[in-house]
Amino acid sequence: MSSIHKNNPNYRRWKKRNDEKNYKSKLKRNKRHKHVNRNELKKLQSVKDAIPFKTFIVPSIFSIIDNPEETINFFNKIITQVENIRINENKSFSRNFLINMENTTHITCDALMYLLTIIRNTRGVKLLPINWRGNFPKDKEMNQFLKNSGFLKYMETAKENLIRTSRNIQIETGKGYVYTDGIDIRKKVIDFTCKKVNKSNIEINFLFTMLTEMITNISDHAYDKENLFEHSWYIFVENDADKIKYTFMDNGLGIPTTIKKKRFEEFLESFNLDKEYKYIEAGVSGIEKRSKTGQIERGNGLPSIYEQFTSNKISNLVIISNRAYYLKDYSRDLENDLKGTIFCWEIKKEDVIDGN
């Protein structure tokens, strides 16, 4: 019977008209639904905009390296607010956060990377749908630095604020050696450095070892399930006239937390009597293995990094992790606790051909 209908010209004409009618009705329905959805979205956005923003004033010196106490305290205030929302699910806490940089006169990229990881781990998450807003520094130099850093490519911002430059390696992030489009971050850093300091890959290959150790350390023991931040690293390479400055960060548990401790150190730690910078000093010394993994090949990361410093291949090595601030001849414990680890070092330029 169905085959008779299909072969009938009258039926085919009716079927065609009926299909066209249904198609037009469907289009009208979709259009009507889209119109309703847009109106609903506008209403939701207006309600969201009506909720007051929790404003966080960025320190005038926004740098974990140069102004650790004030800058880390700034971040911990944000994290505390986030934790209050996450743990208590308290609707009284504002989920609209405003980062006010208006009066900031000095910025280093370690602070931008730490701010970035907080934003990325709380924006769009069902449990933590934080609505982030921000402004630019009035200071023209810092305004330009912010745009050149690559920070804004991770934000919702106007296209004119997105500046691409080959002068620096803008902020990059990843979870392994290969971070985007199959590019190995170690190779990118080495190629960039060779060009800027006029040296061969072999002469700069120690950077490969350093970055390998830093990234491997993340996968070994830098994270746990309760950690607020995702398993990832951040890097920024800044090209100055006489040097290249490298900043590498992970947001794991930190060296003083993950390093293998002796019994008397565990005793001191239980009473908050330990000095966390001592663990980094013990780690860089390389006198004994300090990796919690127990693997023979591990525990060489900090000593191998420190070796590049003592052999003058790198200079101005700074390591900040939890409360520990490690700087040769001026190591100390901070009052404020940083959730993660930052490595910062420099390579001096010699016989430079291309300073740009």
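Residues numbered from 1 in each chain as written. Predicted model: local features only at pLDDT ≥ 70, side-chain atom pairs only at ≥ 80, totals over all residues. Heavy atoms only, no water.

Visitor: Any chance you could break down the pattern of salt bridges for me, citing the residues and the numbers?
Guide: This model, assessed by the stated rule, comprises seven salt bridges. Measuring nitrogen to oxygen at the nearest pair gives 3.4 Å for the salt bridge that ties Lys153 to Glu172. Remark: Glu172 occurs in strand E6 (residues 169–174) and Lys153 occurs in the loop between helix H5 (140–148) and E6; sequence separation between them is 19 residues. For Lys153, a relative accessible area of 27% translates into the label partly exposed. Across the pair Asp191 and Lys187 runs a salt bridge whose closest N-O atoms are separated by 2.7 Å. Taken together, the positions of Asp191 and Lys187, both in helix H6 (residues 185–197) and four residues apart, correspond to about one turn of that helix. Assessed through its relative accessible area of 32%, Asp191 is described here as partly exposed. Taken together, the salt bridges that share partners define one network made up of Lys153, Glu172 and Lys188. (Salt bridge = Lys/Arg side-chain N within 4 Å of Asp/Glu carboxyl O. Helix = DSSP H or I, 4+ residues; strand = E, 2+ residues; numbered from the N terminus. Buried < 20%, exposed > 50% of the residue type's maximum accessible area, 1.4 Å probe, protein only.)

Visitor: Please give an account of the sheet that holds strand E10 (residues 243–250) that cites residues and values.
Guide: Taken in spatial order, the five strands make up an open sheet running E6-E9-E10-E12-E11, and their pairing is antiparallel. Two strands in the sheet have a free side with no partner beyond their single neighbour: E6 and strand E11 (315–327). Direction aside, neighbouring strands of the sheet carry axes that sit 20 degrees apart on average. With eight bridges joining them, E10 and strand E12 (residues 332–348) adopt antiparallel strand pairing. Directly across from Thr247, in E12, lies its bridge partner Cys344. Helix H4 (residues 109–120) rests against E6, strand E9 (233–239), E10 and E12 of the sheet, and its axis sits at about 150 degrees to E9. Sitting on the sheet, helix H12 (residues 301–310) touches E11 and E12, and the angle it makes with E11 is about 145 degrees. (Pairing = 2+ DSSP bridges. Axes fitted to C-alpha atoms, helices over the stretch in contact; angles between N-to-C directions. Contact = heavy atoms within 4.5 Å.)

Visitor: Let's hear about H6: which residues, and what values?
Guide: With 13 residues, H6 should cover 18 Å at 1.5 Å per step; its first-to-last C-alpha distance of 18 Å lies within 8% of that length. Among the residues making up H6, those that are buried are Ile185, Arg186, Val189, Ile190, Phe192, Thr193, Cys194, Lys196 and Val197. Once H6 finishes, Asn198 follows within two positions and takes phi at roughly 60 degrees, a positive value. (Expected span 1.5 Å × (residues − 1).)

Visitor: So what about unusual backbone geometry? Which residues, and what values?
Guide: Positive phi is not limited to glycine here, since Asn322 has a value of about 55 degrees. With respect to the helices and strands, Asn322 occurs in strand E11. Judged by its relative accessible area of 5%, Asn322 is buried.

Visitor: I'd love a proper account of the pairing of E11, names of residues and values included.
Guide: E11 sits mainly inside the fold: 10 of its 13 residues count as buried. Bridging between E11 and E12 involves eight bridges; their strand directions are antiparallel. Bridging across to E12, Ile320 finds its partner in Ile342. Turn length for the E11-E12 hairpin, with the two strands adjacent in sequence and antiparallel, is four residues, and the turn residue Asp329 shows positive phi of about 70 degrees.

Visitor: Talk me through the layout of surface pockets; I want residue IDs and the actual numbers.
Guide: Roughly 450 Å³ of volume is contained in the second largest pocket. In terms of lining, the second largest pocket is formed by 23 residues, of which the most central are Ile107, Phe145, Glu238, Asp240 and Lys245. Those elements giving two or more residues to the lining of the second largest pocket turn out to be strand E4 (106–107), H5, E9, E10, E11 and E12. The element best represented in the lining of the second largest pocket is H5, accounting for five residues. Taken together, the residues that form the lining of the second largest pocket break down as seven nonpolar, eight polar and eight charged. (1 Å grid on protein atoms, 1.4 Å probe; cavity = no way out; pocket = protein on both sides within 12 Å on 5 of 7 lines; lining within 4 Å. Points joined across faces, edges and corners; volume = space filled by probe spheres on them. Nonpolar A, V, L, I, M, F, W, Y, C, P; charged D, E, K, R; others polar.)

Visitor: Summarise empty space enclosed by the protein; cite the residues concerned and give the values.
Guide: For the structure shown, the criterion picks out three cavities of 30 Å³ or more. Around the second largest cavity sit Thr108, Cys109, Asp110, Phe236, Glu238, Lys245 and Thr247, which together line it. For the lining of the second largest cavity, the residue count by class is two nonpolar, two polar and three charged.

Visitor: Lay out the packing of aromatic side chains with the relevant residues and their values.
Guide: The geometry of an aromatic ring pair is captured by the separation of the ring centres together with the interplanar angle, meaning the angle of the planes. If you walk through the whole model with that rule in mind, you get 12 aromatic pairs. Geometrically, the ring pair formed by Phe56 and Phe97 is edge-to-face, given 5.2 Å between the ring centres and 65 degrees between the ring planes. One end of the pair, Phe56, is in strand E1 (residues 54–57); the other, Phe97, is in strand E3 (residues 96–100), with 41 residues separating them in the sequence. Accessibility assignment for this pair places Phe56 and Phe97 in one class, buried. When the ring of Tyr306 is compared with that of Tyr326, the centres are 6.5 Å apart and the planes differ by 70 degrees; the resulting orientation is edge-to-face. Linking Tyr306 in helix H12 with Tyr326 in strand E11, this pair joins segments that are 20 residues apart in sequence. Taking relative accessible area as the criterion, Tyr306 reaches 15% and is therefore assigned buried. (Phe/Tyr/Trp six-rings, centres within 6.5 Å; stacked < 30°, edge-to-face > 60°.)

Visitor: Which residues make up the nonpolar core, and what values go with them?
Guide: Ranked by internal contacts, the top residues of the largest apolar core, which has 46 residues, are Phe62, Leu112, Phe151 and Ile171. Listing elements by their share of this core, those giving two or more residues are helix H3 (68–88), E3, H4, H5, E9, E11 and E12. With nine residues, H4 is the largest single contributor of residues to this core. If we ignore the near neighbours within four places in the chain, the residues touching Ile171 are Cys109, Leu112, Met113, Leu116, Ser149, Gly150, Phe151, Lys153, Tyr154, Tyr234, Ile235 and Phe236. (Core = buried A, V, L, I, M, F, W, Y, C linked by side-chain atoms within 4.5 Å.)

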